[in-house]
Amino acid sequence: MSATGTAVRPTVPASRRIVATGLATASGFAVAVQSRINGELGVRLADGIAAAVVSFGLGLLVLLVLVPATPGGRRGLRDLRAALRDGSLRPWQCLGGLFGAFLVATQGLTIGTLGVAVFTVAVVAGQSASSLAVDRAGVGPAGRQPVTPSRLAGAALTVLAVLLAVGDRLGDPGALLLALLPLLAGVGIAWQQAVNGRVRGASGSALAATLVNFTVGTAALLLTFAVDGAVRGWPTGALPAEPWLYLGGPIGIVFIAVAAAIVRFTGVLLLGLATIAGQIVGAVLLDLLLPTAASHPGPATLAGAALTLVAVLVAALGPAPRR
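In this report, we go over the structure that sits alongside the text. The shown structure was predicted, so the numbers you read here are calculated from the model rather than taken from an experiment. (Residues numbered from 1 in each chain as written. Predicted model: local features only at pLDDT ≥ 70, side-chain atom pairs only at ≥ 80, totals over all residues. Heavy atoms only, no water.)

Side note on the packing of helix H7 (residues 180-203) against helix H8 (residues 206-232)
Two quantities define a packed helix pair, namely the angle between the helix axes and the distance between the axes.
In step 1: Orientation of H7 relative to H8, taken along the N-to-C sense of each, is 130°, at an axis distance of 8 Å. By the angle class used here, H7 and H8 are oblique. H8 is crossed by H7, and the crossing has right-handed handedness. Here Gln 192, Asn 196, Val 199, Arg 200 and Ser 203 of H7 come into contact with H8, specifically with Ala 206, Ala 208, Ala 209, Val 212 and Asn 213.
In step 2: Across the contact of H7 with H8, the residue classes break down as five nonpolar, four polar and one charged. (Axes fitted to C-alpha atoms, helices over the stretch in contact; angles between N-to-C directions. Helix = DSSP H or I, 4+ residues; strand = E, 2+ residues; numbered from the N terminus. Parallel < 35°, antiparallel > 145°, perpendicular 65-115°, else oblique. Left-handed = near helix turned anticlockwise from the far one by under 90°. Contact = heavy atoms within 4.5 Å. Nonpolar A, V, L, I, M, F, W, Y, C, P; charged D, E, K, R; others polar.)

See below:
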């Protein structure tokens, strides 16, 4: 208690915040790989929604086996049911998978045309602004986080960095219009990370929180796929034979589980910025090492990636979030 009788919330230890930031950056790199995989799967199937159903559905199947097989997973599901019954966790806080499903769908719908880098800039622009708002509203498990100058500067530098990285593509009106989809997906990511952190806190299990995310997302995608098939017709493309095209779901499991586990140490904004740094570096490396017709990496792209890392450092060096 403080001198005025107000409880002071402890700050997160710096060592935990640094480790959590590193894990978030690594998971962001994995998201860039997932984006390339799901984008290619969408091209092969000629249907981005079908690719998203395959990716999310495979992830859900893995979790349906993994979670009940582990003591922590079973305990997490019991605690989750108890939290929903006693009202400490609201049903709407379990809907983060809706935005994860939308993000995966946009990967399959747009990356074949935009490339990973342009896709990433659109996601980043939405995610950075949304993270500030979500932290300020206290949606995540870390509670309300002030919009400090360092956090605001980190978010602004991140958007500036990705604009620099893909500035040569932003003059294409068609690309800008198509980029609205990942922009909206980026807005939803911050909310998804915040509520998934709440689910993880209530269940005590990152795996249980990830299972909830994939269950909700798969249900939403199956409904969308059914409506799309009834209106436009069912996809006729055969499933590709290459095993690597089916790794998007398992990669998503790692990303969601890591985010749910560490958001209480970082806050939503720093988690988002670190993830963005990993995404940008991953997108640049993929476009350099495995270029496609939509990728055009150059010096500006490399400079933008470096500036993104600076932005994460600026935000990370600010005041630690309160728990």
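From this point, things continue past the structure.
What to know about the packing of H7 against helix H9 (residues 248-289)
In step 1: In the contact formed by H7 and H9, the axes pass within 8 Å of each other and the chain directions differ by 135°. Taken together, the axes of H7 and H9 lie oblique to each other. Helix-helix and strand crossings are classified by hand; for H7 and H9 the assignment is left-handed. Only Phe 255, Ile 256, Ala 259, Ala 260, Ala 261, Val 263, Arg 264, Val 268, Leu 271, Gly 272 and Thr 275 of H9 make contact with H7, whose side of the interface consists of Ala 190, Gln 192, Gln 193, Ala 194, Asn 196, Gly 197 and Arg 200.
In step 2: For the contact of H7 with H9, the residue count by class is 10 nonpolar, six polar and two charged.

Overview of a positive patch on the surface
In step 1: Side chains of Arg 74, Arg 75, Arg 78, Arg 81 and Arg 85 sit close together on the surface and give a patch of like positive charge.
In step 2: Within the element layout of this structure, Arg 78 appears in helix H3 (residues 71-86).
In step 3: Overall, the relative accessible area of 45% leaves Arg 78 in the partly exposed class. (Patch = residues over 30% accessible without salt bridge, like charges linked within 9 Å, V, L, I, M, F, W, Y side chains within 5 Å. Areas by Shrake-Rupley, 256 points an atom, 1.4 Å probe, with all protein chains shown as cover. Salt bridge = Lys/Arg side-chain N within 4 Å of Asp/Glu carboxyl O. Lys, Arg positive; Asp, Glu negative; His and termini not counted. Charge placed at Lys NZ, Arg CZ, Asp CG, Glu CD. Buried < 20%, exposed > 50% of the residue type's maximum accessible area, 1.4 Å probe, protein only.)

Examining empty space enclosed by the protein
In step 1: The full count for this structure, using the stated rule, is five cavities of 30 Å³ or more.
In step 2: The calculated volume of the largest cavity comes to roughly 110 Å³.
In step 3: Forming the boundary of the largest cavity are 15 residues, of which Gln 34, Phe 56, Gly 100, Val 104 and Ile 256 lie nearest the centre.
In step 4: Secondary structure elements with two or more residues in the lining of the largest cavity: helix H1 (14-45), helix H2 (48-69), helix H4 (97-137), H8 and H9.
In step 5: By residue number, the principal contributor to the lining of the largest cavity is H9, which donates five residues.
In step 6: Here the lining of the largest cavity is built from residues that sort into seven nonpolar, eight polar and no charged. (1 Å grid on protein atoms, 1.4 Å probe; cavity = no way out; pocket = protein on both sides within 12 Å on 5 of 7 lines; lining within 4 Å. Points joined across faces, edges and corners; volume = space filled by probe spheres on them.)

A closer look at the nonpolar core
Nonpolar side chains tend to gather and get buried jointly when the protein is soluble and globular.
In step 1: One finds Ala 52, Phe 56, Leu 63, Ala 105, Leu 211, Phe 214 and Leu 221 to be the most contacted residues of the largest nonpolar core, which totals 17 residues.
In step 2: At the level of elements, H2, H4, H8 and H9 are the ones that each hand at least two residues to this core.
In step 3: For this core, the element with the highest residue contribution is H2, accounting for seven residues.
In step 4: If we ignore the near neighbours within four places in the chain, the residues touching Leu 63 are Pro 68, Leu 207, Thr 210, Leu 211, Phe 214 and Ile 253.
In step 5: In this structure, Ala 24, Val 134, Val 258 and Val 263 belong to the second largest nonpolar core, which totals 13 residues. (Core = buried A, V, L, I, M, F, W, Y, C linked by side-chain atoms within 4.5 Å.)

Digging into H8
In step 1: Compared with an ideal rise of 1.5 Å per residue, which puts 27 residues at 39 Å, H8 spans 38 Å between its outermost C-alpha atoms and is within 8% of the ideal.
In step 2: Between a side-chain oxygen at the N-terminus of H8 and the backbone nitrogen of Leu 207 the separation is 3.3 Å; the capping residue is Ser 205.
In step 3: Where H8 ends, the next residue or the one after it, Gly 233, has phi of about 100°, a positive value. (Expected span 1.5 Å × (residues − 1). Polar contact = N/O pair within 3.5 Å; in protein donor to acceptor, adjacent residues only side chain to side chain.)

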